[in-house]
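A closer look at the structure
Here is how the chains run, residue by residue.
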Amino acid sequence: MENLKNSNFKENDFGVHDTFKHGFLNVKSDLSPGNKLEYQEKNFTKCQEKNLLSSIRTSRGLYAPFIFEMEKKFSSKISRLPALKSSQLMESVLNGTDDIIDVQNILNNQREFGEHNYDLHSLNN
C-alpha cells in the first residue's frame, strides 16, 4: 500500500484511478531501477559510440568527432526512390556494422520486403 501512496495513482470515490481527471497511469515511471547490467545492455551502442568519439578526439583533434557526426547525419538522409528500400550501406560502414551478421540482417529479407511494382507518381512521402 505504501507503493501506491508514492506513485501517481490517484483514486476516486470507487477506489480506482480516475483517468479523466488525472490522465493515464505511467507504470514505467513508477518502476524501480533495474540491475546495472540491464542499464549497460540498453545503452551499449551509445556507450560504445561515446568511447569511439572520445578516442577519435584524442587521436585526431577536436574537429574529428564533429566531422564524423556530420557524415553519419548525411548518410542517414541518403535514400532511393520511394518504391525502393535503401540498404543504408554507408551508414553501416560508418557505424562499423557492415561485417557483422545481426538479427536485422537475417529478418530483413529483401526477397520478401524488397522492390515492389509501385506507381511512383501516386506515392506520397
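Preceding block: the structure.
Residues numbered from 1 in each chain as written. Predicted model: local features only at pLDDT ≥ 70, side-chain atom pairs only at ≥ 80, totals over all residues. Heavy atoms only, no water.

Thoughts on the overall build of the protein chain
Summing up its helical and strand segments, the protein chain has 9 helices and 0 strands in all. Taking all 125 residues of the protein chain together, the buried fraction comes to 12%. Contacts spanning at least 24 positions in sequence make up 18% of the contacts within the protein chain whose residues lie at least 6 apart. Here the protein chain displays about 11700 Å² of accessible surface, and carbon together with sulfur accounts for 55% of that area. (Helix = DSSP H or I, 4+ residues; strand = E, 2+ residues; numbered from the N terminus. Buried < 20%, exposed > 50% of the residue type's maximum accessible area, 1.4 Å probe, protein only. Contact = heavy atoms within 4.5 Å. Areas by Shrake-Rupley, 256 points an atom, 1.4 Å probe, with all protein chains shown as cover.)

Describing the environment of A64
Its place among the elements puts A64 in helix α6 (residues 64-77). Between the C-alpha atoms of A64 and S54, which are 10 residues apart in sequence, the distance is 9.8 Å.

Observations concerning a nonpolar patch on the surface
Together, Y63, I67, M70 and F74 make up a nonpolar patch on the protein surface, roughly 430 Å² of accessible area in all. Position of Y63 among the secondary structure elements: in the loop between α5 (44-60) and α6. (Patch = residues over 30% accessible without salt bridge, like charges linked within 9 Å, V, L, I, M, F, W, Y side chains within 5 Å. Salt bridge = Lys/Arg side-chain N within 4 Å of Asp/Glu carboxyl O.)

Quick word on the pattern of salt bridges
Applying the stated criterion across every chain, the model contains 2 salt bridges. Between E38 and K42 there is a salt bridge, with its nearest N and O atoms 3.8 Å apart. Placement of the pair is E38 and K42 together in helix α4 (residues 36-42), with a separation of 4 residues, close to one helical turn.

A few points about the side chain of S92
Positionally, S92 belongs in helix α7 (residues 89-95). Overall, the relative accessible area of 17% leaves S92 in the buried class.

Examining the packing of α5 against α6
Relative orientation of the contacting elements α5 and α6 amounts to 135°, with a least axis distance of 8 Å. Between α5 and α6, the crossing angle belongs to the class labelled oblique. Residues E49, L52, L53, I56, R57 and R60 of α5 lie in contact with α6, whose contacting residues are A64, P65, F68, E69 and K72. A per-class count over the contact of α5 with α6 returns 6 nonpolar, no polar and 5 charged. (Axes fitted to C-alpha atoms, helices over the stretch in contact; angles between N-to-C directions. Parallel < 35°, antiparallel > 145°, perpendicular 65-115°, else oblique. Nonpolar A, V, L, I, M, F, W, Y, C, P; charged D, E, K, R; others polar.)

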